[in-house]
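Single-letter residue listing:
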Amino acid sequence: MATTDRRTATLALAHALSAAEHGLPVIPLSATKLPALRSPHRDENPPSGCRGACGRPGHGVHDATTDPTAVRALFAAAPWATGYGIACGRAPHHLVGIDLDIDAAGRTDSVAALRQLALQHLFTIPPTVTVLTPSGGRHLWLTGPPDVAVPNSAGRLAPGIDIRGSGGYLVGPGSVTAHGTYRLVPGTGSLPPAPCPTALLHLLTPPTRPRNRHGHPDPGHHEQGRGLVRFVLAADEGQRNTRLFWAACRAYEHGFGDALADDLTRAAVATGLTEHEARATIASAARLTRTRCEPPR
């Protein structure tokens with residue numbers, strides 16, 4: 001391992017141990033921002049679905065720990081790690097990450113979108129730990145109540161705003177990735193993660209899907225579905241896929257995604273996407289909202 005690589009790995013472990021000392025469960029990450037350790041079940045067919053009960057490392061965010069001995073063992077098993085992930089939704093902080101993406105072409109202003117949501121729903125984002133990403137985006141660290149599971153989402157709240165909640169993780173400050181280093185915004189490192197405003201928390205937790213008297217999802221969402229289709233049809237060239245993904249996520253979260261999939265596909269094709277691209281985007285939204293897994297980055 002080159003000297004620079006050894007230094008990067010050593011710093012990654014040091015940052016991870018510091019985070020763990022402050023009650024933040026951590027895992028080693030590779031330069032791709034993915035968990036550094038491969039699953040011990042990767043060759044099993046069918047997949048075992050194990051989340052760490054086997055006692056072996058390689059279960060992604062389920063390996064996250066605050067035990068310094070366990071942290072060192074994880075990094076020793078992944079000497080190529082260049083960063084660390086912080087598990088969200090876990091005690092004691094129950095971290096919720098607000099990921100504000102930056103569109104290099106300037107077509108999506110996630111900061112302005114969050115500001116508009118705050119004005120519309122009457123909440124303010126308190127001073128809190130803020131991490132600057134290599135692309136110029138920001139991660140805001142908030143804490144949620146222990147009895148509320150905030151799901152992960154990508155673009156559901158607004159285009160360009162991703163949420164890291166239960167089962168997800170944030171790239172920790174000091175991590176080095178293929179695109180650069182994650183750094184604390186000056187003046188925020190000494191702050192504790194602030195509580196998530198109640199109004200924002202309500203936006204982050206999808207409503208219970210309406211059910212009819214037989215216990216099945218209520219299909220009476222025609223007007224909302226038409227609104228989502230119009231939202232896709234209004235997309236400019238640089239917004240087509242983002243708008244489609246956002247609309248599909250909303251449809252699936254409210255229980256009528258499959259019923260609206262064809263209409264969304266036709267709308268996306270009308271804006272210039274191919275049917276294959278549209279179907280793939282809608283399928284990604286379906287997987288995300290059904291499994292509440294960490295969205296691909």
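Preceding this section is the structure that the text describes.
Just so it is clear, the model here is predicted, and its values are computed rather than measured.

**Points about the side chain of Thr271**
- On the secondary structure map, Thr271 appears in helix α7 (residues 257-271).
- Taking the relative accessible area as the measure of exposure, Thr271 reaches 18% and is therefore buried.
- Setting aside residues no more than four positions away along its own chain, Thr271 makes contact with Val232, Leu233 and Arg240.

**A few points about the pairing of strand β2 (residues 83-87)**
- Most of β2 sits out of view: five of its five residues are buried.
- Inspection of the sheet shows β2 paired to strand β8 (residues 169-171) by three bridges, in the antiparallel sense. When the bridges of β8 are listed, Ala87 appears paired with Tyr169.

**Thoughts on the packing of aromatic side chains**
- Tallied over the full model, the rule gives one aromatic pair.
- When the centroid spacing of 4.7 Å and the interplanar angle of 45° are considered together, the rings of Phe231 and Trp246 count as tilted. One end of the pair, Phe231, is in helix α5 (residues 222-233); the other, Trp246, is in helix α6 (residues 240-253), with 15 residues separating them in the sequence.
- Its guanidinium or amino end placed over the ring of Phe231, Arg243 lies 4.2 Å from that ring's centre, counting from NZ or CZ.

**Observations regarding the layout of surface pockets**
- Approximately 370 Å³ is the volume found for the second largest pocket.
- Forming the boundary of the second largest pocket are 19 residues, of which Ala19, His22, Leu24, Trp141 and Gly189 lie nearest the centre.
- Among the secondary structure elements, those contributing two or more residues to the lining of the second largest pocket are α1 (3-21), β2 and β11 (183-184).
- If one sorts the elements of the lining of the second largest pocket by residue count, α1 sits on top with three residues.
- For the lining of the second largest pocket, the per-class residue count stands at 12 nonpolar, six polar and one charged.

**Describing the packing of α6 against α7**
- The N-to-C vectors of α6 and α7 enclose an angle of 165°; their axes lie 10 Å apart at closest approach. The orientation of α6 with respect to α7, classified from their angle, is roughly antiparallel. By crossing handedness, the relation of α6 to α7 is classed as right-handed. Counting all contacts with α6, which are made through Arg240, Leu244, Ala247, Ala248, Ala251 and Tyr252, the residues of α7 involved are Gly257, Asp258, Leu260, Ala261, Leu264, Ala268 and Thr271.
- Across the contact of α6 with α7, the residue classes break down as nine nonpolar, two polar and two charged.

**Details of the sheet that holds strand β1 (residues 26-29)**
- The strand order β1-β2-β8 describes an open sheet built from three strands, whose pairing is antiparallel. Because the sheet does not close on itself, it has two edges, and the strands there are β1 and β8. This sheet shows a mean twist of 35° between the axes of neighbouring strands, independent of strand direction.
- Sheet strands in contact with helix α2 (residues 68-77) are β1 and β2, and its direction is about 15° off that of β1.

**Some remarks on empty space enclosed by the protein**
- The full count for this structure, using the stated rule, is one cavity of 30 Å³ or more.
- In this model, the largest cavity occupies a volume close to 50 Å³.
- Together, Ile27, Pro28, Pro35, Ala36, Leu37, Gly58, His59, Gly60, Asp63 and Leu74 line the largest cavity.
- When the residues that make up the lining of the largest cavity are grouped by side-chain class, the tally is six nonpolar, three polar and one charged.

**Description of α2**
- Among the residues making up α2, those that are buried are Val71, Leu74 and Phe75. Taken down its axis, α2 places every buried residue within 95° of arc, on the same side. Across from the buried face of α2, at angles greater than 90 degrees, the exposed residues are Thr69 and Ala76.
- Capping the start of α2, Asp67 holds a side-chain oxygen 3.0 Å from the backbone nitrogen of Thr69, two or three residues further along.

**Structural notes on the pairing of β1**
- Across the two faces of β1 the burial is the same, with Val26 and Pro28 and Ile27 and Leu29 all buried.
- Across four bridges, β1 lies against β2 in antiparallel orientation. Paired with Ile27 across the bridge in β2 is Gly85.

Rules of the game
- Residues numbered from 1 in each chain as written.
- Predicted model: local features only at pLDDT ≥ 70, side-chain atom pairs only at ≥ 80, totals over all residues.
- Heavy atoms only, no water.
- Helix = DSSP H or I, 4+ residues; strand = E, 2+ residues; numbered from the N terminus.
- Buried < 20%, exposed > 50% of the residue type's maximum accessible area, 1.4 Å probe, protein only.
- Contact = heavy atoms within 4.5 Å.
- Pairing = 2+ DSSP bridges.
- Phe/Tyr/Trp six-rings, centres within 6.5 Å; stacked < 30°, edge-to-face > 60°.
- Lys NZ or Arg CZ within 6 Å of the ring centre and 35° of its normal.
- 1 Å grid on protein atoms, 1.4 Å probe; cavity = no way out; pocket = protein on both sides within 12 Å on 5 of 7 lines; lining within 4 Å.
- Points joined across faces, edges and corners; volume = space filled by probe spheres on them.
- Nonpolar A, V, L, I, M, F, W, Y, C, P; charged D, E, K, R; others polar.
- Axes fitted to C-alpha atoms, helices over the stretch in contact; angles between N-to-C directions.
- Parallel < 35°, antiparallel > 145°, perpendicular 65-115°, else oblique.
- Left-handed = near helix turned anticlockwise from the far one by under 90°.
- Arc of directions from axis to C-beta.
- Polar contact = N/O pair within 3.5 Å; in protein donor to acceptor, adjacent residues only side chain to side chain.

Scope: geometric values only; no functional claims are made or implied.
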